[in-house]
Amino acid sequence: MSKRCVKCFRPLGNCFCKYIFPFDPGIKFVFLMHPKEAKHQRTGTGRLSHLTLINSEILVGLDFTKNERLSELLCDKKFFPLLLYPGKDAWSSQKEGFVKTVDKKKLLVLVIDATWFCSRKIIEHSPNLMKIPRISFSGCYRSIFTFKREPRPEYISTIESCYYLIKELQPLELAARDADPEPLIGVFKRMINFQIESENARIEGKLPSTHAYDWKYKRKRDVLL
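What you see is a predicted model; the values in this text were computed from it and never measured. (Residues numbered from 1 in each chain as written. Predicted model: local features only at pLDDT ≥ 70, side-chain atom pairs only at ≥ 80, totals over all residues. Heavy atoms only, no water.)

Turning our eyes to something else, we now look at the overall build of the chain. Looking only at helices and strands, one finds eight helices and five strands in the chain. When the helices and strands of the chain are read in sequence order from the N terminus, they spell out β-α-α-β-α-β-α-β-α-β-α-α-α. Counting every position in the chain, which comprises 225 residues, the buried fraction comes to 46%. Long-range pairs, those at least 24 residues apart, make up 74% of the contacts in the chain with a sequence separation of at least 6. (Helix = DSSP H or I, 4+ residues; strand = E, 2+ residues; numbered from the N terminus. Buried < 20%, exposed > 50% of the residue type's maximum accessible area, 1.4 Å probe, protein only. Contact = heavy atoms within 4.5 Å.)

Attention now goes to the nonpolar core. Membership of the largest hydrophobic core comes to 43 residues, with the highest contact counts inside it found for Phe29, Leu107 and Leu169. When sequence neighbours within four positions are dropped, the list of residues in contact with Leu107 reads Ile27, Lys28, Phe80, Leu82, Val102, Leu169 and Leu174. (Core = buried A, V, L, I, M, F, W, Y, C linked by side-chain atoms within 4.5 Å.)

Working definition: the strands of a sheet are paired by backbone hydrogen bonds and lie parallel or antiparallel to each other. With parallel pairing, the five strands of this open sheet are ordered in space as S2-S1-S4-S3-S5. With one partner strand each, in any of the chains shown, strand S2 (57–60) and strand S5 (134–135) form the two edges of the open sheet. The pairing of strand S3 (residues 79–84) with S5 spans two bridges and is parallel. Counted as the bridge partner of Leu84 is Ile135 from S5. Together, strand S1 (28–33), S2 and strand S4 (106–113) form the strand contacts of helix H2 (residues 45–52), whose direction differs from that of S1 by roughly 155°. (Pairing = 2+ DSSP bridges. Axes fitted to C-alpha atoms, helices over the stretch in contact; angles between N-to-C directions.)

Counted by the stated rule, this structure contains nine aromatic pairs. Both rings, one in Phe16 and one in Tyr19, keep their centres 6.2 Å apart while their planes meet at 80°; by these two values the pair is edge-to-face. Centre to centre, the rings of Trp91 and Phe98 are 5.4 Å apart; their planes meet at 80°, and the pair counts as edge-to-face. Taking the relative accessible area as the measure of exposure, Phe98 reaches 1% and is therefore buried. Through successive ring pairs, a cluster of aromatic residues spans Phe137, Tyr141, Tyr163 and Tyr164. Across the ring face of Phe16, the terminal group of Arg10 is positioned such that the distance to the ring centre comes to 4.3 Å. The residue whose ring lies beneath Arg10 is Phe194, and the NZ or CZ to ring-centre distance is 4.4 Å. (Phe/Tyr/Trp six-rings, centres within 6.5 Å; stacked < 30°, edge-to-face > 60°. Lys NZ or Arg CZ within 6 Å of the ring centre and 35° of its normal.)

Take the packing of H2 against helix H7 (residues 182–203) next. At a minimum axis distance of 10 Å, the contact between H2 and H7 shows a crossing angle of 140°. Here H2 lies oblique to H7, going by the angle between them. Considering only the axes of H2 and H7, their crossing is right-handed. Two secondary-structure elements touch here, H2 through Thr45, Leu48, Ser49 and Thr52 and H7 through Pro183, Leu184, Val187, Phe188 and Met191. (Parallel < 35°, antiparallel > 145°, perpendicular 65-115°, else oblique. Left-handed = near helix turned anticlockwise from the far one by under 90°.)

Here is the structure:
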């Protein structure tokens, strides 16, 4: 097994750290990562988001009702907690009275980092999350992660979610106005390019093929190119 970077967990020969430029968004992001995501997607977009967003944290689990660190954060009076999750009652940057309700507190944004199937499992096992106001987007976005198919076209990756949320909250001064969130998209694009380059190399016989490669992946490659 090749040695891995202790920071981004990628093989040392393909370390992403040089593409990561941390910045302070003025928001406390906490990624609630499903155990499967932590085990099988060690350098998924949740971890890349965490490495890019200063003062963010990753909590791994399925049931967060008794998670001590999450409880500590939710009880901290300096934070205004929100769950980044769609729903008909979800708040957005366009919600009237949003800024007044936050009342100068720092936003604590909880982001579920998992597949959509596993994210529903976290919601089912963590009833405490349902007591937290939800926030979603006022705009309609489409993911550039064409290498991965989402269940619905409006579903976007964790790292894109953080990017667009910061962009929408900056005019309200609920995120740091002078923060540049572009490093999130920058490292994300590098990840996508690496996946495309690796897949092309496998197709050309430069890398060993994997069990995951079949006609479906060839079809995806044709779309990407």
